[in-house]
Structures are given as C-alpha cells and as structure tokens.
Amino acid sequence: MDFFAQQARMRGTSRRLVFLFVLAIVGIVFVVDAVVWFAWGHQRTPDGAQVQSSVGLLVMSSAAVLAVIAGATLFRMASLRGGGSAVALQMGAKQIPPDTNDPDLRRLRNVIEEVAIAAGVPMPDIFIMEEEMGINAFAAGYAPTDAAVCVTRGALAMLTRDELQGVIAHEFSHVINGDMRLNIKLMGLLFGILVLTIIGRQVLWWGPGAGRKRDNNGIVLVGLALVVAGWIGYFFARLIQAAVARSRESLADASAVQFTRQTTGIAGALKKIARAEEGSRLQRANAQEVAHMLFGEAGRFNSLFATHPPIYDRIRALEPGFDAQALEREPPPEPLYRQADEPPPAPAGSHRSPWDAVTGQGGSGPVVPIPGITDPRSPLNIPGVMIAAGAGLASQAGAPAAVAAQVGSADASDLQRAEEIRKGLPQDLRQAVRNSEKAQAVLLAMALGNGPQREAQLKIIDSIGGQEPRAEVLAVESMVRALDPSQRLPIASLAFPALRRWSNRAITVLINALNQMVRADGQVDLDEYCLVKLVTVQLSEALNPRNIPLPGTGKLAAARGSFALVSAVVAQFGNDDPLAARKAWQAGMSEALAGDTSAYAPPPDDWQGALDAALAELDRLAPMSKELVVRGLTSVVMADGTLRRVEAELLRVICATLHCPLPALV
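If you're wondering where the values come from, they're calculated on a predicted model, not measured in any experiment.

Undergrad: Residue-level account of the pattern of salt bridges, with values.
TA: Tallying each qualifying case throughout the model produces 21 salt bridges. Among the ionic pairs, E289 bridges to R76, the shortest N-O distance being 2.7 Å. You can see E289 sitting in the loop between α9 (264–275) and α10 (311–318) and its partner R76 sitting in helix α2 (residues 55–79), a full 213 residues away along the chain. As far as burial versus exposure is concerned, E289 and R76 are alike and both buried. Each of D102, D104, E130 and R153 takes part in one network of salt bridges that share partners.

Structural data, given as structure tokens:
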C-alpha cells in the first residue's frame, strides 16, 4: 500500500464526505421549511381577501434546524474527545488489564504488541466486548498515538492465532492510514442528522394532547416533518457511510495480506464469519454507529447500506479459487481451546539481532555494511543487495524509493522481526511497562547515565513525587541496561498505553523530567535525543487527541531550509569525516530537491532545538512532499554505503515525528 498516496486521498475523501453531508442537510432543511411554510408560512388577512407570507419564518426555521444539527454534532464530537478509548467504552467494551490470566487475552495482547512493533507505531489500548459472540473487531482514535483496538469475545474464542493476527493487521491498516479520524468525524455527523428523528418522535408524542386544534395540527405536521427529514438524512448518511467504508475495507484486507504474507489468516477469519451462527453481528443497540469501523458487518443489511463488500467477494479477492458451495457444506465452526501465548522469559541481554548471524557482531554493533550482506529474512539471496523491512534496497541507488515504500507498509519480515524482539524482551520488563508506575520507571532508567551527571539525574527523579520513584528506577535499571539497542525504542512504545492513563499533569511532569535528565551533563547524545523525542511527541499528542494535526498542504520547496538542517544533522551523525558529511548532505538535497544548488552548512551547536523547529515545519507538509523528505534522508544515510544503528534509529524517530511510521531497518 502506498502510504503517502493514501494520505493524500484521505484529504479528498474527507472533503467529499463533508460536501455530501452538506447536501443531505440542505435536503433536510428544505423538507422542514416546506412543512413550516404549509402550516404557518402563509395566512389570509381578516377580510379573507389577501394572503400574507412570512419569509422571516422560513429563515428562523432553517436556522433552528441548522442549529440543532450543528449542536448535536458538536456534542457528539465532544463526547468522543477522549479518542479511541472513548469510542470503545461507549460501545460497552472493557479495557484488558495488563496482568490478566485469561489465555485468550494474553494471546491478543501478544499479537497486538508484535503488530505495533512491526508497524513502527505506539502500542494501542486494548479492549474487549465480552458479551458479543460475533466475530468482529474495530480500531478507533484520532491518530496512532491515540488508538484503541477492540475485539469481540467471539473473535477470541473462534479464531486461531494466524486468523487473529490477520484481523489485527487489517485493523492496523486503518490505524496507520488515517481512516480512524475520518471514522470519528462520521460518527459525529451521523448523530447530528439522526437527532432530528428523535426530536420529531418526541413532538409527535407530545403534540396530540396540547393546544388548540389548529396549533395542534401544526405541531403534528412539524413532528412528522422532523421524522421524515431525519430519515432522509439517515438514508443519505448510511449511503455515505457504506460508500466510504467499502473501498477502505478492501484496501485493509490487502494490507493485512501484505503484513502477514499469507492469505490463510484473514481469509480463514472471513470464512468463519460466513459460517458461524452469529457471523459478525453485534447485539448492542448503537452498533450501527460504528458499522463503518468494524472488520465485518454489524448486522444484516441490504447491499445498498452494506459497509463492507459481500463476504464471499472479500474471500475470492484473497483466494481466487475459493469455492463458496464447498464452504457452505462445512459444519459451523466451533470455539477453540488454546494455551497461554506467553514464551518463557529470555535471559536479560540474550537477544541477538537477525543481522548478527550475517555480520558476526552483536546487536549493538555500530555499523551494518551493505556490500556483501543479505538479510536472512529475505527470500532473495543476492550478494550486494540489502533487504530492509522486506523491501529491496539495491545498494544505494534503490534505497530512497524502497524505504519510502516501507512507510506505513510493514510486511511479514517486519512482523517476524517484531516477534523476535518481543520474545527477546525480559518477561519482567514486559510486565513492568504494562504498569503505569513501572512504565515511568523504565523510561527514566533509559535516560539515567553512569557518569558525573548521575546524581543530578537522580535528584530530578526525586522531584517527580509519587511513591519512591528513585527506588522504582533503580529496580529496573539493570534490565534496561541489558537491552539490545534495537529493543530500546520498541520497549518505550509498549509503555505508552500504561502512561496514557495518567492525568495531563502527570504526563507533562514526566516529559519535563526526561528532558532535564538528558541535559543534566550539558549535552545531549543521539540516543538520548531519539528516546526523549519519541516519548515527547507521542505522549504530548495523547494529552489532547483532537488537536493532533491533519496531513498538511505545504510544499517541500517552501521548507527547503528546514529540510537542509535536518539533512545536515543526519549527515553529521552518520559520518565521522566532515567531507563525507558534506557529500551525504548533497546526496540528500539532490534526491529531494532536484537541481538544488544551496551550500552546505553544518548544524549549530544547539542542534536539538533547531532540529525540533525544523521537524515541526516539515510535519506541516503535504503527504507527497513528506515522501520526498524520507527519500532525501535515506539518501543521506546511504551515501557512504553503510547503515549505522544511530542513523537507522534517528531516521525512524524523524519519520514518527512527521507521522510517517517506518518499520525497523535493522
């Protein structure tokens, strides 16, 4: 899937959605105005000879309808300001506790952790709809930093691990491609239109027993008009909901296959939906409100209002030789019995990167040379070709396009790598990041040094408050120090669900403490910057999910200075020789801004602040301009034919800051 093209299309889809809803509202206003005009808009003079009309009455009627729709929409949107978790809770779901003993829930958590690590996005909150026995799931939120993934108990009971993984990969496609924000907007607009039907029913119930006969008849007419107008809005809203959802569901199915590199998982889940007694139906009265978010249909609807392609069509798209009649002859699926999905704890520091077998060095080795290296995850075995996250990097020439293609498009090799990372994490540390107090301690331990700044850092930890934060940090410090460098950013991302449950003040205190700790010695190294930047960006967005920015519209040429600075920082950290850094910078500028003739300038001493400001400007670029940024930065890191770990991590953190999730490159 082309992440950047999908992001660009999302803006167009959002505009079309608003336009179609405006048309629906115009139709609603017209119906109500017509009834008001018929009931009260024209009256005869006392002598019965002349008809008096009141245009002002129609203006008031139109304004009242628009105010009701706008007010109801804003009210519904405000009720969803909590983001993905708010949607899940309103659907009656329960958040899965981190210390659950339920083997199904532990398996679900493991699968979601692996997919999140592979996709390069923060770990979402996890919810379950305990009373729903249909096979279904949905993802909700304003952005990946605010996401919640919810599954039904039926999905956990009926699906194998591969099938569950396919469903979760499908939902993560919506998380990554920006579908979730549009889904929440759709929920608010639907409620704004449907509220007229509710008001109309109340008016009809109240009208027959009130007032004089003429006024009574007018009230009844208005009630009928509101009901009719509401159903007109409902009709168009469902059409829009179905049209928006159907195309995205097909893309998400294809993305899930790319992610897992096998069709049996997601196709098996769809087959079980087709044959199971409950199918994918949800029993909750408000299920239709989230129908466009779900993995399968919320209920039985005619094809006009279906939010998903016909299920047999979805299966045939995955398995061209699918025989529907053979499936119908099979017995309905039965719930499965499964064991707990937890691996035995791995010894601290025992994890080795998949690259180790090839390079002969530990995961902390600073350089991964490209010539003569082949990633053992790849089905290819061509010396001199590097496979990064499943895409071929044909030495330096193909690297920019290949890395850009991997943004938002993780595949099976990334998932395999993520499973290795998760299983390689010490069990105690994995449990720690699921607890809010201990998750904070893990992040603080990552920023804690051994040099002369240590005592100052410990005093900063003491200033946080709470129950002995210093003791918590020291308790996990040895495990944190034993981590392979490739595990540091993933373990930080796994901590986000626990930390998102904190108050805004507590999150702000943690972010400030981390920033103070990494500056305690008067300088910030690249590892420290990457950790703090990732935590700051993702937790800051969790403070106010509705304010997470939409994809921008800026052009890269207008932000040339910011891109030049970011490229200079990346070039400096990737090259020990100033001349090599200059050449790497020039390669990146040429890739992103063809024909650029600007002069190279090394980054300033206070490069952190300058880099933050430059990234903020680049984040406002249009999706296709961001693709040029990724291509250009890849050219910078690949200019010398080697990929250093610090370069790979810095590139991933930059992409995360630009809301372009990039799977691990090493």
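Undergrad: Which residues make up a nonpolar patch on the surface, and what values go with them?
TA: Taken together, the side chains of V18, V22 and V26 present a nonpolar region at the surface, about 230 Å² in accessible area. Relative to the helices and strands, V18 is located in helix α1 (residues 3–41). Classification of V18 as partly exposed rests on a relative accessible area of 39%.

Undergrad: Residue-level account of the sheet that holds strand β5 (residues 137–140), with values.
TA: In spatial order, the strands read β3-β4-β6-β5; together these 4 strands make up an open sheet with mixed pairing. Each end of this open sheet is capped by a strand with a single partner; those strands are β3 (94–95) and β5. In this sheet, strand β4 (residues 125–129) lies alongside β3 in antiparallel orientation, the contact comprising 2 bridges. Of the residues in β4, the one forming a bridge with K94 is I128. Taken strand by strand, helix α6 (residues 161–177) contacts β5 and β6 (148–152), and its axis lies near 25° from that of β5.

Undergrad: Kindly report on the pairing of β4, identifying the contributing residues and their values.
TA: Remark: a regular strand shows side chains that alternate across the two faces of the sheet. Among the 5 residues of β4, 5 are classified as buried, and the element is accordingly described as predominantly covered. Residues D125, F127 and M129 of β4 are buried on one face, and the alternating residues I126 and I128, pointing to the opposite face, are buried as well. Pairing analysis gives 5 bridges linking β4 to β6, with the strands arranged parallel. Bridge pairing links F127 to C150 in β6.

Undergrad: Break down the environment of A439 for me, with residues and values.
TA: By the secondary structure assignment, A439 is in helix α16 (residues 436–447). The exposure class assigned to A439 is buried, which follows from its relative accessible area of 0%. In this structure the C-alpha to C-alpha distance between A439 and I491, which are 52 residues apart in sequence, comes to 9.4 Å. Dropping the residues within four chain positions of it, A439 is found in contact with A432, V433, A495, A498 and L499.

Undergrad: Provide a residue-level description of the nonpolar core, including the pertinent values.
TA: In this structure, L108, I168, L444, F563, V566 and L618 are the most contacted members of the largest nonpolar core, which totals 145 residues. No other element matches helix α4 (residues 103–119), which puts 9 residues into this core. Here I168 is in contact with L108, V111, I112, V115, V149 and V151, once residues within four sequence places are set aside. Counting residues in hydrophobic clusters, the runner-up holds 24 residues, among them V87, A148, M187 and A298.

Definitions and cut-offs
Residues numbered from 1 in each chain as written. Predicted model: local features only at pLDDT ≥ 70, side-chain atom pairs only at ≥ 80, totals over all residues. Heavy atoms only, no water. Salt bridge = Lys/Arg side-chain N within 4 Å of Asp/Glu carboxyl O. Helix = DSSP H or I, 4+ residues; strand = E, 2+ residues; numbered from the N terminus. Buried < 20%, exposed > 50% of the residue type's maximum accessible area, 1.4 Å probe, protein only. Patch = residues over 30% accessible without salt bridge, like charges linked within 9 Å, V, L, I, M, F, W, Y side chains within 5 Å. Areas by Shrake-Rupley, 256 points an atom, 1.4 Å probe, with all protein chains shown as cover. Pairing = 2+ DSSP bridges. Contact = heavy atoms within 4.5 Å. Axes fitted to C-alpha atoms, helices over the stretch in contact; angles between N-to-C directions. Core = buried A, V, L, I, M, F, W, Y, C linked by side-chain atoms within 4.5 Å.

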